[in-house]
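Chain residues, written in single-letter form:
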Amino acid sequence: MVFSFEIFDDELKNKISFRQVDFDKDAELLYRWMNEEHVIPYWKLNGPKETYFQHLLTALHDEHQKLYIGYVNDRPVSYWESYWVRGDVMEEAYEAEPNDQGVHLLIGETDCLGKGYSLPMLKAMIRFQFQEPFTEKVIAEPDIRNKKMIHVFEKCGFVPIEPVKLPDKTGLLMFCDRDEFHRRWKYEDKHRLQTHI
């Protein structure tokens, strides 16, 4: 299995890895995750399987983003969308820089909820996104109702900016600055295992 990024996390005492989504391997798993009770209110992709599969195929062919499965100790537990703000609906929401990136995520496996996975995995993904040398900030726009996720973003180093009206929700626009992120988490640099951009 080829991972795009791997890092050993001191807090989890486990390896965190990301690999790009493969439709044939992952469609059924992702559809199951989209139908979990904790996911439905925020992702709203729990319709017919064929509808979700078409959505996934469209997303996989969208060149402004990449989709990943997140692993903890070689177990798939989460789904990630890493996207360029330019070309996304978010570029109308604020004054975006050309190399701003954004991130969406969910923990799919219910037995992994409440285990402290979200923050270490988010830190790993943001570190992965900052491998792009011209990206100075990563943005997030979690649903403004999702207080738990907003708290995780803040602990990672994201700063709340303002509410934003989006087609499917009211989100809270948040920024994570490259320099501040690396100051906060610089001790992790020695743990990165590999990167394939």
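Everything discussed here concerns the structure shown above.
Residue numbers here run from 1 along each chain, matching the order of that chain's written sequence. This being a predicted model, a pLDDT of at least 70 is required before a residue's local features are given, and a value of 80 or more before pairs of side-chain atoms are given or counted; all residues contribute to the totals for chains, interfaces and linings. Side-chain calculation: all heavy atoms of the structure are included, whereas hydrogens and water are not.

With respect to the overall build of the chain
Turning to step 1, where the next piece is worked out: Broken down by element type, the chain carries 6 helices and 9 strands.
Turning to step 2, where the next piece is worked out: Each radius of gyration is computed over the set of C-alpha atoms, and the globule rule expresses the reference value as 2.2 Å times the number of residues to the power 0.38. For 197 residues, the compact-globule formula gives about 16 Å, and the C-alpha radius of gyration of the chain, at 16 Å, lands near that figure.
Turning to step 3, where the next piece is worked out: It only takes one pair of heavy atoms within 4.5 Å for two residues to be counted as in contact. A fraction of 65% describes how many contacts in the chain between residues 6 or more apart in sequence connect residues 24 or more apart.
Turning to step 4, where the next piece is worked out: Using a 1.4 Å probe, accessible areas were evaluated by the Shrake-Rupley method; residue-level cover was limited to the displayed protein chains. Of the roughly 10,000 Å² of accessible surface on the chain, 52% is carried by carbon and sulfur atoms.
Turning to step 5, where the next piece is worked out: Two residue types count as positive, namely Lys and Arg, and two as negative, namely Asp and Glu; His and chain ends fall outside the count. Charged side chains are reduced to one point each, which is NZ for Lys, CZ for Arg, CG for Asp and CD for Glu. Computed over 26 positive and 35 negative side-chain charges, the separation of the two mean positions in the chain equals 6 Å. In this description a helix means any DSSP run of H or I spanning at least four residues, a strand means any run of E spanning at least two, and both kinds are numbered starting from the N terminus.

Examining unusual backbone geometry
Turning to step 1, where the next piece is worked out: Phi at Lys 13 is positive, roughly 55°, even though this residue is not glycine.
Turning to step 2, where the next piece is worked out: Relative to the helices and strands, Lys 13 resides in the loop between strand S1 (5-9) and strand S2 (14-20).
Turning to step 3, where the next piece is worked out: Relative accessibility decides the category of a residue: with a 1.4 Å probe and only protein chains considered, values under 20% of the type maximum give buried, values over 50% give exposed, and everything between is partly exposed. Owing to a relative accessible area of 57%, Lys 13 belongs among the exposed residues under this scheme.
Turning to step 4, where the next piece is worked out: Positioned with a positive phi, Asn 73 is a non-glycine residue whose angle comes to about 50°.
Turning to step 5, where the next piece is worked out: In this structure, Asn 73 sits in the loop between strand S3 (65-72) and strand S4 (75-84).

Details of the pattern of salt bridges
Turning to step 1, where the next piece is worked out: Throughout this description, the term salt bridge denotes a Lys or Arg side-chain nitrogen within 4 Å of a carboxyl oxygen of Asp or Glu. Under the counting rule described, the total for this entry stands at 15 salt bridges.
Turning to step 2, where the next piece is worked out: Ionic pairing is found between Glu 28 and Lys 49, a salt bridge with its closest N-O pair at 3.1 Å. With Glu 28 in helix H1 (residues 23-34) and Lys 49 in helix H3 (residues 49-60), this pair connects stretches of sequence that are 21 residues apart.
Turning to step 3, where the next piece is worked out: Among the residues examined, Glu 28 registers a relative accessible area of 45% and is labelled partly exposed.
Turning to step 4, where the next piece is worked out: Overall, the relative accessible area of 30% leaves Lys 49 in the partly exposed class.

Concerning the state of the cysteines
Turning to step 1, where the next piece is worked out: Throughout, disulfides are identified as pairs of cysteine sulfur atoms within 2.5 Å of each other. If you walk through the whole model with that rule in mind, you get 0 disulfides.
Turning to step 2, where the next piece is worked out: Cys 112 takes part in no disulfide bond, and the closest cysteine sulfur, belonging to Cys 156, lies 19 Å away.
Turning to step 3, where the next piece is worked out: Its relative accessible area of 4% is what places Cys 112 among the buried residues.
Turning to step 4, where the next piece is worked out: Not engaged in a disulfide, the cysteine Cys 176 finds its nearest cysteine sulfur in Cys 156; these two sulfurs lie 5.3 Å apart.

Describing the pairing of strand S8 (residues 169-177)
Turning to step 1, where the next piece is worked out: For strand S6 (residues 137-140) and S8, the ladder comprises 4 bridges, and the chain directions are antiparallel. Its bridge partner lying in S8, Lys 137 is registered against Asp 177.
Turning to step 2, where the next piece is worked out: Between any two strands, at least two bridges found by DSSP are needed for them to pair. Here strand S7 (residues 159-166) runs beside S8; their pairing, made up of 7 bridges, is antiparallel. Bridge pairing in S8 places Leu 166 opposite Lys 169.
Turning to step 3, where the next piece is worked out: The turn linking S7 back onto S8 is made up of 2 residues.

Looking at the nonpolar core
Across soluble globular proteins, nonpolar side chains have a tendency to be buried as a group.
Turning to step 1, where the next piece is worked out: Remark: nonpolar core denotes a set of buried residues (Ala, Val, Leu, Ile, Met, Phe, Trp, Tyr, Cys) joined through side-chain atoms within 4.5 Å. Core analysis: the biggest nonpolar cluster contains 35 residues, and Val 103, Leu 122, Ile 126 and Phe 158 have the highest contact counts within it.
Turning to step 2, where the next piece is worked out: In terms of residue count, the dominant contributor to this core is helix H4 (residues 118-129) (7 residues).
Turning to step 3, where the next piece is worked out: If we ignore the near neighbours within four places in the chain, the residues touching Ile 126 are Val 103, Val 138, Cys 156, Phe 158, Cys 176 and Phe 181.
Turning to step 4, where the next piece is worked out: Judged by nonpolar contacts, the second largest core, of 20 residues, contains Trp 33, Leu 67, Tyr 71 and Leu 106.

Focus on the side chain of Lys 137
Turning to step 1, where the next piece is worked out: If you trace the backbone, Lys 137 turns up in strand S6.
Turning to step 2, where the next piece is worked out: For Lys 137, the contacting residues outside a window of four places in its chain are Tyr 94, Glu 97, Asp 100, Gln 101, Phe 130, Phe 175, Cys 176 and Asp 177.

Details of the environment of Glu 141
Turning to step 1, where the next piece is worked out: Within the fold, Glu 141 resides in the loop between S6 and helix H5 (147-156).
Turning to step 2, where the next piece is worked out: When the C-alpha positions of Glu 141 and Val 103 are compared, they lie 8.2 Å apart, and in sequence the two are 38 residues distant.
Turning to step 3, where the next piece is worked out: Here Glu 141 is in contact with Tyr 83, Met 90, Val 103, His 104, Leu 166, Lys 169, Gly 171 and Leu 172, once residues within four sequence places are set aside.
Turning to step 4, where the next piece is worked out: Between N or O atoms, a polar contact is any pair within 3.5 Å; within protein, one atom must be a potential hydrogen donor and the other a potential acceptor, and residues adjacent in sequence are included only when both atoms are from side chains. Reaching out from Glu 141, the side chain makes a polar contact with the side chain of Tyr 83 at a distance of 2.8 Å.

No statement about biological role is implied by the geometric values presented.
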